Each structure stands twice: as C-alpha cells, then as structure tokens.
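Understanding the architecture of this molecule
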Amino acid sequence: MKDIKGKLAFGIICAIFGLILAVQIKTVRSTPGGSFLSPQRAQKVASELKVLRNEKDRLNQELSELENRLKEYEISEADENIIIRNLKNDLEKYQILAGYRSIEGPGIVLTIEDVVFQQGEASFIMFNFEILLELVNKLNAAGAEAIAINEQRYVANTEIYFTSNTIFINGVPTAQPYTIKAIGDAEALEAALNMRFGIIDKLKQYHNESVKVTVKKQNPVIITRNSKVTNFKFAKPIESTQL
Amino acid sequence: MENKLLKFKIPFLILIIFTLLGFGLTLQFKNTKEDYSFVSLKTINDLNNSVIKEKEEIKSLQELIQLKKKNLTEYEVAIQQEGSIKEVIVAEIATMKAITGFYDVEGPGVIVKLNDSERELYEWEDPNDLIIHEQDVLTIINDLKYAGAEVLSINGQRIIGTTEIQCAGPTITVNGYTYGQPFIIKAIGDPVTLDAAIKSPNSYSALLRDIYGIVVESQVNPRVRISKYQGNINMKYMTPREGE
C-alpha cells in the first residue's frame, strides 16, 4: 500500500513536469515570426546595418555642405543680378518637380496593409501591386501635386515592381505597411479615393479579409526628396524646340 | 543488505535526475528570454531589407555628391572666367527640364500600339474582357519603366510624375486631353529590353494578346521623338522645405 502511494506521487509529479515541458516548447514554437535563427547571424547583419547607416550619415553631411556652398554662390550672385535671381527660382521649380527637394503642404496620407501577412512571404498586396499604381493614378487624376510611396517620391520614371517577395519602388525595397502621401487639395483627394464603387470601396467590399486601408487628411504632409539622380542615357534633348 | 543499498540508491538517483532537470529547465528559460526571442525570421528579414535599402541610398547619395561637386567646379570656373554663373544655371535648367518633361527629347526606343480585341466574343465571355482598361495601360507603362524606359508618352502626351490615365469607354484621357483608339505608347530607352518587356511570353502584354486577343504590338525605332509636357504645372499647395 505504501509502495503504491509513493509510485502514484512520483507518477503525478512526472505528469506535471511533462505538461510544463510541453507547454514551454509549444510557446517557443508558436512565437510570432516563425522559427528561430542563431543570434550570431542577426548580430552580423545588424552590425553591417550600423556601418551602412554611419556611412549614410557621413554622406548626407558631405552633401549638405556641398549644397550650402552652391547656395552661397547662387545667393551672392542673385543679390547683384535680377536675371540670376529669376533663373534660380526657375531652377528651384524644376528641382521640386523632379523630386530633388523636400516639400510640404496640405494633403492626405493613405495606409494600405495586409491583414494576413507572414514575413518573408508574398502577400495579397504584393501579388496585386497594381493596386498601388491605380491609387497613384487616382490621386493624380484628383489633382495631386506630389505623391510619395513609402518615402519614395513618384516622379516621371518611377516604376513599381515585385520580386523576391518584396515590392521595389525606384529600385528601393519597401516593407509593410505601404504609405502613400499626396500633396494637393485634401478634400478633393479624399473624395476621389472614397468614391462609391471607387477603388477603396471595392477593396473594402471584396477584399476586406486581406487588405486594410485607411485614408486621413493631414496638414502638413511632408515628402522627403529622392536621393536618386536621374541620368538619361538614351534620351537626348532636342535644341530646336527650346523656349 | 542488497535491499538496503537499493533503498538508499533510488532516492539518491531521483535527486540527481531532478537536479539535472532543474538546471536544464532554468537554462532553457534563460536562453529563450535573453537570446532567442528577439531573433525570429522576421527580424532577420527586416534587417536584410534595411541593408539593401541603405546600400541603395548610399549609392544614390554618392552619385548626388558627384553631381554637386561637378556643379561646384562649374560654378567656380564660370565665376573665374566670366564673372557670372548665369550660363551654368541655364544649362542646369535645361537638364532639369528634360528630366521633368518640359523639353522635347529624342532617342532609340519602341513604339507600342494598343487596340481593342477584334475577335468574336466567346459565349462565356464578358465584353469588358476584350477592351483595354486603364489598368492595362498603367501596367504596360509600368512594365516599360521597369525595363528602363527614360521618357514615355501616350498619344503624344508626355508622362510626368503627375500624369493621370483615365479610360472612359472607347477613349483615354491623359494629362486632361482625350484620345480615341488606337493608343500609341512611345518609350525611349534600351530598345532591346523595352521590346522584350512587351514581347516576352511571360509579360502582362502577352496575357492581353494571347488570352483576350487585344492588339499589343511593339516596334523598335532608332529615333523616337517625344514632345514636351503641354499642360500647366500646379504648385498651389506644395512649398519647398527650407534647408533641404
């Protein structure tokens, strides 16, 4: 009798331990983000990232120094000469249009995000990245003056493409959520997007389980400049039609 | 004697096993807490994406710095020789105009013709399937850009950053001007890749062509000419940020 009691207690303890172990292992497995990798690899990538960020900061500093010097020349000349002043204003206008300057103004901010999303795997929006093209097109039709997707200014030859489970804009990889900023008449932009049977209405109706879209007005919307320089290799300006 | 030894041995063994188990468990808990919980596949993926992004940005920053250095030397030379930077600014405005679409340009490229399908409608088909929609035009334009198109136009309307494409039945409205069929897209860039973007069997154009019978023809041309943007630019709402 005594022997059985001891065995029973032992058995119960073992059962509890087993349960605890199983629970522990399960929690580790089911942590969001999937399986675990060695921390060394992450540390390596993280340190690489740190080096790159430092390099970028240094380059940014160098760039702003150069720009300041250029500006000094322009200002000193513009003070003396009205033609130069006008030319400088013209130049600034085209720089703004080409996305070489950071700009701000009233407008809207649109966020589009996958509801179901596994990191590293293609999602609904990625397979249907034409949605982004269409949204940009709709905003342009509503009179947007400047548009940026995830801080990438949409200019004349901006392309959006999907490869290796990431959407690339202007050749730069982007991550969820996708934020489209547009500067323009906020009322008109919002109305154009939220039109009945319009693109967002359709998304909400048919793809409510896969996509989440929010539109909100904002003032000011800040769009940072593109650091990419456009260089034409094939297209040559024609002199004769110059105005 | 033997029985007594066994009685002594078993509790001792259990004690050792549990001690080991205790150590093992604590170790496991500690590990999860400190190291592993932050290194999921998601983290690695995010980091990798950021690395690619930073590299891309550094590359473009370096290009930008080269450009600014060139500008600076040009300014200095101009001031020394002519005492004014007017010529340099004029030249710079010309390049900026070409990029933003306010200058006629010419170069090798392709001319793509789009037309609605002419074949008979199958029984189960929707007439809408055989007609070109704005999504089709947008996607083809985007494919051409991805293939390296530098300058594009639809029916003579230069495509700039704020160009809209709207289809209303048989017509297309680009930059506020309306055109009927056929839709002609001109693109300047490497003719071989541009042509491939339209002709390759895996492309969106091939889908339109082979499944729906929509006419998508591309033609390589050594001299494509695209005129400048004809509309007005609106800068009512946006202002440049100071210092940037």
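Structure: see above.
Residues numbered from 1 in each chain as written. Chains lettered and ligands numbered in written order. Predicted model: local features only at pLDDT ≥ 70, side-chain atom pairs only at ≥ 80, totals over all residues. Heavy atoms only, no water.

When helices and strands are counted, chain A shows seven helices and nine strands. Taking 18 Å as the expected radius of gyration for a compact globule of 243 residues, we find that chain A reaches 28 Å, considerably beyond that expectation. Projected onto the principal axes, the alpha-carbon positions of chain A cover approximately 110 × 50 × 35 Å. Per-residue burial for chain A yields a buried fraction of 42% across its 243 residues. When contacts within chain A are restricted to residue pairs at least 6 apart in sequence, those whose partners lie at least 24 apart make up 75%. Of the roughly 13300 Å² of accessible surface on chain A, a fraction of 56% belongs to carbon and sulfur atoms. Charge centroids of chain A, computed over 30 positive and 29 negative side chains, lie 11 Å from each other. (Helix = DSSP H or I, 4+ residues; strand = E, 2+ residues; numbered from the N terminus. Rg over C-alpha atoms; globule rule 2.2 N^0.38 Å. Buried < 20%, exposed > 50% of the residue type's maximum accessible area, 1.4 Å probe, protein only. Contact = heavy atoms within 4.5 Å. Areas by Shrake-Rupley, 256 points an atom, 1.4 Å probe, with all protein chains shown as cover. Lys, Arg positive; Asp, Glu negative; His and termini not counted. Charge placed at Lys NZ, Arg CZ, Asp CG, Glu CD.)

Attention now moves to the overall build of chain B. Helix and strand counts for chain B stand at six helices and nine strands. At 32 Å, chain B has a C-alpha radius of gyration far larger than the 18 Å of a compact globule built from 244 residues. Expressed along its principal axes, the backbone C-alpha trace of chain B runs to roughly 110 × 75 × 40 Å. When the 244 residues of chain B are sorted by exposure, 40% land in the buried category. A separation of at least 24 residues holds for 69% of the contacts in chain B among residues at least 6 apart in sequence. Surface accessibility of chain B: about 13500 Å² in total, with carbon and sulfur atoms responsible for 57%. A gap of 9 Å separates the mean positions of the 26 positive and 33 negative side-chain charges of chain B.

Right, let's talk about the packing of aromatic side chains for a bit. Under the criterion given, the structure shown has six aromatic pairs over all chains. Taken together, a centroid distance of 5.3 Å and an interplanar angle of 10° make the contact between Y161 of chain A and F168 of chain A stacked. Taken as a pair, Y161 of chain A and F168 of chain A share a single burial class, namely buried. Ring centres of F102 of chain B and Y229 of chain B lie 5.7 Å apart, and the angle between their planes is 85°; on these two criteria the pair is classed as edge-to-face. Residue F102 of chain B is found in the loop between α3 (86-100) and β1 (105-115), and its partner Y229 of chain B is found in the loop between β8 (215-226) and β9 (239-240); the two are separated by 127 residues along the sequence. Considered together, F102 of chain B and Y229 of chain B belong to a single accessibility category, that of buried residues. Ring pairs connect the aromatic residues Y94 of chain A together with F102 and Y229 of chain B, which therefore count as one cluster. (Phe/Tyr/Trp six-rings, centres within 6.5 Å; stacked < 30°, edge-to-face > 60°.)

What follows deals with the interface of chain B and chain A. Of the residues lining the interface, 96 residues belong to chain B; the matching set on chain A comes to 101 residues. Of the roughly 9800 Å² buried at the junction of chain B and chain A (both faces included), carbon and sulfur atoms supply 68%. When residues of chain B are sorted by the area they lose upon contact with chain A, E150, Y237 and M238 of chain B head the list and together hold 8% of the total. Notably, a salt bridge pairs E62 of chain A with K69 of chain B, separated by 3.4 Å at the nearest N-O pair. Joining chain B to chain A, the criterion identifies 25 residue pairs in polar contact (both at pLDDT 80 or more). Secondary-structure elements contributing two or more residues to the side of chain B that touches chain A are α1 (2-34), α2 (41-82), α3, β1, α4 (134-146), β4 (165-168) and β9 of chain B. Residue composition of the side of chain B that touches chain A, by class: 44 nonpolar, 25 polar and 27 charged. (Buried area = accessible area lost by both parts, 1.4 Å probe. Salt bridge = Lys/Arg side-chain N within 4 Å of Asp/Glu carboxyl O. Polar contact = N/O pair within 3.5 Å; in protein donor to acceptor, adjacent residues only side chain to side chain. Nonpolar A, V, L, I, M, F, W, Y, C, P; charged D, E, K, R; others polar.)

Owing to its 3.6 residues per turn, the α-helix aligns residues three or four sequence positions apart on the same side. All names here are of chain A. Looking only at helix α7 (residues 199-206), the buried set comprises I199, I200 and L203. Around the axis of α7, the buried residues are gathered within 100° of arc, so they sit on the same side. The secondary structure elements touched by the buried residues of α7 are β1 (103-114), α5 (130-141), α6 (186-193) and β8 (211-223). (Arc of directions from axis to C-beta.)

For the rest of this paragraph, the subject is the sheet that holds strand β6 (residues 172-174) of chain A. All names here are of chain A. Strand order in this open sheet of three strands is β4-β5-β6, and the pairing throughout is antiparallel. Sheet topology places β4 (160-163) and β6 at the edges, where each strand pairs with a single neighbour. Between one strand and the next, the sheet's axes are offset by a mean angle of 35°, whatever the strand orientation. In terms of strand pairing, β4 meets strand β5 (residues 166-169) through four bridges, oriented antiparallel. Following the sheet pairing, T163 is matched in β5 by T166. (Pairing = 2+ DSSP bridges. Axes fitted to C-alpha atoms, helices over the stretch in contact; angles between N-to-C directions.)

Turning our attention to α4 of chain B. All names here are of chain B. Helix length check: α4, at 13 residues, gives a terminal C-alpha distance of 18 Å against a target of 18 Å (1.5 Å per residue), a fit within 8%. The buried count for α4 comes to 11 of 13 residues, which makes it a mostly enclosed element. All buried positions along α4 are accounted for by E134, D136, V137, L138, T139, I140, I141, N142, D143, L144 and K145. (Expected span 1.5 Å × (residues − 1).)

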